[in-house]
Amino acid sequence: MRIVNPSFGLSATSAEKVALKPVNWATDAIALVSNSKPNARELLAGIRDKLGANRKIDNIDFLSKNSASQPAPADVIEKVAANYRGALLAIADRGSCSSWSFHDSIELEKRGITAYVIATETFKPLVLAQAKARKVEPRLIVVKHPIGGLNADELRERIEAATKGLTEATGK
C-alpha cells in the first residue's frame, strides 16, 4: 500500500487538544459531507434515513465538495463549523480521498466540530498512519470495501454497518 500524505512538507499537527462543542447525536444539527465519490451521497442518505427511526432528521443536512482529491473548500468547512455540532464525512475508500477525508475531519475538529470519517477496511491503515503522523486519534467508522461501484442492494450492507458504527461510537 502506498500512503499519500496531503500535507507533506508542512509541519505536523501537534497533539494539542481542541475543545469540541458538546454534541447530542440524537437531537443536534449534523452535517453529512460527501466528497462526491460514487455512492458517497447514497451512503450518507441511507445513514440519514436509518437515523430517522430514532430521531428527527430535518436538521441533518447534506453538503459536498467537488473533488475527493482536494481539501474541502474553506466555505464548506466554515459552514459546517457555524451551523452544525457534528459531522459525518464520506468516503475514504481509495488513497487520496482517504487522506483528504481525514484532513477535512481534522479541520472541522480544529473548529470544535466532532467529525467522523467513514472509511473502508482496506484504507483504515492509511488513515491510522495519517493520524499517527499528526499525533491525533481518528474518529473512524469502518465498513467493508468497496463502496463505489456497488448497486443499491449491495450498498445497503454498508449503510447498515456505518449506521451501527456511528450509533456505537456516539452512544446514540
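Whatever comes next refers back to the structure up there.
Residues numbered from 1 in each chain as written. Predicted model: local features only at pLDDT ≥ 70, side-chain atom pairs only at ≥ 80, totals over all residues. Heavy atoms only, no water.

Visitor: Teacher, can you tell me more about the pattern of salt bridges here?
Guide: Side chains carrying opposite charge are able to pair once their charged atoms draw close together. In this structure the tally under the stated criterion is 11 salt bridges. With its nearest N and O atoms 2.8 Å apart, the salt bridge here joins Asp-93 to Lys-37. Separated by 56 residues along the polypeptide, Asp-93 in the loop between strand 3 (86-92) and helix 3 (95-110) and Lys-37 in the loop between strand 1 (30-34) and helix 1 (40-51) bring together distant segments of the chain. For Lys-37, a relative accessible area of 17% translates into the label buried. Here Glu-107 and Lys-110 are joined by a salt bridge, their closest N and O atoms 3.0 Å apart. (Salt bridge = Lys/Arg side-chain N within 4 Å of Asp/Glu carboxyl O. Helix = DSSP H or I, 4+ residues; strand = E, 2+ residues; numbered from the N terminus. Buried < 20%, exposed > 50% of the residue type's maximum accessible area, 1.4 Å probe, protein only.)

Visitor: I'm lost on the environment of Ala-26 in this one. Help?
Guide: Note on placement: Ala-26 falls in the segment before strand 1. Spatially, the C-alpha atoms of Ala-26 and Ile-147 are 26 Å apart, while their sequence positions differ by 121 residues. Here Ala-26 is in contact with Arg-55 and Lys-172, once residues within four sequence places are set aside. (Contact = heavy atoms within 4.5 Å.)

Visitor: In this structure, what is going on with the packing of aromatic side chains? I would like to understand it.
Guide: Both the distance between ring centres and the angle between the ring planes are used here to describe each pair of aromatic rings. Under the definition given, this model contains 1 aromatic pair. With a centroid separation of 5.6 Å and an interplanar angle of 70°, the aromatic rings of Trp-25 and Tyr-116 are classed as edge-to-face. With Trp-25 in the segment before strand 1 and Tyr-116 in strand 4 (residues 114-120), this residue pair connects regions lying 91 residues apart in the sequence. Judged by relative accessible area, which is 8%, Tyr-116 ranks as buried. (Phe/Tyr/Trp six-rings, centres within 6.5 Å; stacked < 30°, edge-to-face > 60°.)

Visitor: What's the story with the sheet that holds strand 4 in this structure? I'm lost.
Guide: Within a beta sheet, neighbouring strands are joined by backbone hydrogen bonds and run either parallel or antiparallel to one another. Strand order in this open sheet of 5 strands is 2-1-3-4-5, and the pairing throughout is parallel. In the strand order of this sheet, the two ends are held by strand 2 (60-64) and strand 5 (140-143), each with one partner. Put simply, the sheet's adjacent strands are angled 20° from each other on average, direction ignored. In terms of strand pairing, strand 1 meets strand 2 through 5 bridges, oriented parallel. By the bridge assignment, Val-33 is partnered in strand 2 with Leu-63. Its contacts with the sheet put helix 1 on strand 1, strand 2, strand 3 and strand 4, and the angle it makes with strand 3 is roughly 140°. Of the strands in this sheet, strand 1, strand 2 and strand 3 touch helix 2 (residues 74-83), which is tilted by about 165° from strand 2. (Pairing = 2+ DSSP bridges. Axes fitted to C-alpha atoms, helices over the stretch in contact; angles between N-to-C directions.)

Visitor: Just to check I follow, could you spell out the environment of Ala-131 for this structure?
Guide: Mapping Ala-131 onto the fold places it in helix 4 (residues 124-134). Here Ala-131 falls in the buried class, since its relative accessible area comes to 1%. Considering only alpha carbons, one finds Ala-131 and Ile-91, 40 residues apart in sequence, at a separation of 17 Å. Those residues in contact with Ala-131, other than ones at most four positions away along the chain, are Phe-102, Val-136 and Pro-138.

Visitor: Whenever I open this one, the nonpolar core confuses me. Can you help?
Guide: Note that soluble globular proteins tend to have their nonpolar side chains buried in a common cluster. Ala-31, Leu-63, Val-80, Ala-87, Leu-89 and Leu-108 are the most contacted members of the largest nonpolar core, which totals 23 residues. Of all elements in the fold, only strand 1, helix 2, strand 3, helix 3, strand 4 and helix 4 reach the threshold of two or more residues within this core. Per-element tally for this core: the top contributor is helix 2, with 4 residues. Leaving out residues up to four positions away in the same chain, Leu-63 has contacts with Ala-31, Leu-32, Val-33, Ser-34, Val-76, Lys-79, Val-80 and Tyr-84. In terms of nonpolar packing, the next biggest core, distinct from the first, is built from 22 residues, Leu-44, Leu-51, Ala-90 and Ile-147 among them. (Core = buried A, V, L, I, M, F, W, Y, C linked by side-chain atoms within 4.5 Å.)

Visitor: Just to check I follow, could you spell out the packing of helix 3 against helix 4 for this structure?
Guide: The description of two packed helices rests on the angle between their axes and on the distance between the axes. Contact pair helix 3 / helix 4: the axes reach a minimum separation of 9 Å and the direction vectors enclose 45°. Regarding the angle of helix 3 to helix 4, the classification is oblique. Note on packing geometry: the crossing formed by helix 3 with helix 4 is right-handed. Counting all contacts with helix 3, which are made through Gly-95, Ser-98, Ser-99, Phe-102, His-103 and Ile-106, the residues of helix 4 involved are Leu-126, Val-127, Gln-130, Ala-131 and Arg-134. Grouping the constituent residues of the contact of helix 3 with helix 4 by class yields 5 nonpolar, 5 polar and 1 charged. (Parallel < 35°, antiparallel > 145°, perpendicular 65-115°, else oblique. Left-handed = near helix turned anticlockwise from the far one by under 90°. Nonpolar A, V, L, I, M, F, W, Y, C, P; charged D, E, K, R; others polar.)

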